[in-house]
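Residues per chain are reported as follows:
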Amino acid sequence: MSLGGARPLNPARWLGVPMLLCMAATIIFAAPIRIWGLQLPEPVFAIVPAFAWAIIRPSILAPFALLALGLFLDIFWGGPTGLWGLSLLVAYATVLILRNAMTGQSRPMMWAWFAGVTAVAMVAAFLFTMLDSLAMPSLLAVFWQFLVTALLFPFAHRLVDRFEDADVRFR
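Computed from a predicted model, the values in this text were never measured in an experiment.

### A short note on unusual backbone geometry
Positive phi, normally seen in glycine, also occurs at L134, with a value near 55°. With respect to the helices and strands, L134 occurs in the loop between α5 (107–133) and α6 (139–150). L134 sits in the exposed class, given a relative accessible area of 77%.

What follows is the structure, encoded as structure tokens:
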């Protein structure tokens, strides 16, 4: 691939659109819909861009976008301010540190990496919640939220595939 075919990444496309989709999905899944007495799961959709943005291209804009997504989650879910912003930044930093090890891995291995990063974010949120409330959150609820969030990997994979080669100057 030559530099002539490279096109710069438009922040509205690779940051703005995924942010809006994560917010919309969070709102939709929080709707009080019950099927056979069960409520829809509430995955942390914001982990998808936290994972993908660090792989696509390390940027100064992505952490600020993650802070905004985290603030949205904190306000929407009624949690302590900064809980999800900090947890998403921990996930982003984890991917940045391990980015070279992840490059070129197969799809199942990338799913395992995604699940590991999701676990890191969930453990961080669990610990921050314990520190804030001085009480232990339900481990079963955290596990189920981890499980449904780890199942979101196909969306992260699609986001990475879509923008991975958008600007080869940063590869």
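### Concerning the nonpolar core
F51, W53, I56, L69 and F114 are the most contacted members of the largest nonpolar core, which totals 48 residues. The set of elements that each furnish at least two residues to this core consists of α1 (11–29), α2 (47–56), α3 (61–77), α4 (83–102), α5, α6 and α7 (153–163). A total of 9 residues in this core trace back to one element, the largest contributor, which is α2. The contacts of F114, once residues within four sequence positions are left out, are I47, V48, F51, T149, A150, L152, F153 and A156.

### Focus: the packing of α2 against α4
Interaxial distance between α2 and α4 falls to 8 Å at its minimum, and their mutual angle equals 40°. Helix-helix and strand crossings are classified by hand; for α2 and α4 the assignment is right-handed. From α2, I47, A50, F51, W53, A54, I55 and I56 reach across to α4, where they touch L88, Y92, V95, L96, R99 and M102. Considered class by class, the residues forming the contact of α2 with α4 number 12 nonpolar, no polar and 1 charged.

### A look at the UniProt feature "transmembrane region" (unreviewed entry) in the protein chain
As recorded in UniProt, the feature "transmembrane region" (unreviewed entry) lies at residues 12–32, 44–69, 75–98, 110–128 and 134–153. Across residues 12–32, helical content stands at 86% and strand content at 0%; the span's end C-alpha atoms are separated by 31 Å. Between the C-alpha atoms that bound residues 134–153 the distance is 32 Å, and the span itself is 65% helix and 0% strand.

### Brief notes about the packing of aromatic side chains
Applying the stated criterion across every chain yields a total of 7 aromatic pairs. With centroids separated by 6.0 Å and ring planes inclined at 70°, the aromatic side chains of W77 and W84 adopt a geometry described as edge-to-face. Site record: aromatic cluster; members linked through ring pairs are F51, W111, F114 and F153.

### Structural notes on the confidence of the model for the protein chain
Segments scoring low in pLDDT should not have their predicted coordinates read at a detailed level. In this model, the protein chain carries an average pLDDT of 86, and 91% of its residues clear a pLDDT of 70 or more. Contacts of residues 1–6 to residues separated by more than four positions or lying in other chains number 8 contacts, the stretch itself having pLDDT below 50. Scored below 50 in pLDDT, residues 167–171 shows 17 contacts in the model against residues more than four places distant or in partner chains.

### Some words on α1
Here α1 spans 26 Å end to end across 19 residues, near enough to the 27 Å set by a 1.5 Å rise per residue. When we look at burial in α1, the residues that qualify are W14, L15, P18, M19, C22, M23, A25 and T26. Looking at the buried residues of α1, the elements they touch are α2, α3 and α7.

### Observations concerning the environment of W36
You can see W36 is positioned in the loop between β1 (34–35) and β2 (38–39). Spatially, the C-alpha atom of W36 lies 36 Å from that of L67, the residues being 31 residues apart in sequence.

### Observations concerning the packing of α1 against α2
For any two helices packed against each other, the geometry is given by the interaxial angle and the distance between the axes. Between α1 and α2, the shortest axis-to-axis distance is 11 Å and the interhelical angle comes to 170°. Looking at the two axes, α1 sits roughly antiparallel to α2. Here the hand of the crossing between α1 and α2 comes out right-handed. For the pair α1 and α2, contact is made by W14, L15, P18, M19 and C22 and by P49, W53 and I56, respectively. Each residue belonging to the contact of α1 with α2 can be placed in one class, and the counts come to 8 nonpolar, no polar and no charged.

Procedures and definitions
Residues numbered from 1 in each chain as written. Predicted model: local features only at pLDDT ≥ 70, side-chain atom pairs only at ≥ 80, totals over all residues. Heavy atoms only, no water. Helix = DSSP H or I, 4+ residues; strand = E, 2+ residues; numbered from the N terminus. Buried < 20%, exposed > 50% of the residue type's maximum accessible area, 1.4 Å probe, protein only. Core = buried A, V, L, I, M, F, W, Y, C linked by side-chain atoms within 4.5 Å. Contact = heavy atoms within 4.5 Å. Axes fitted to C-alpha atoms, helices over the stretch in contact; angles between N-to-C directions. Left-handed = near helix turned anticlockwise from the far one by under 90°. Nonpolar A, V, L, I, M, F, W, Y, C, P; charged D, E, K, R; others polar. UniProt positions renumbered as here; feature names shortened; annotations may be inferred. Phe/Tyr/Trp six-rings, centres within 6.5 Å; stacked < 30°, edge-to-face > 60°. pLDDT = per-residue confidence, 0-100. Expected span 1.5 Å × (residues − 1). Parallel < 35°, antiparallel > 145°, perpendicular 65-115°, else oblique.

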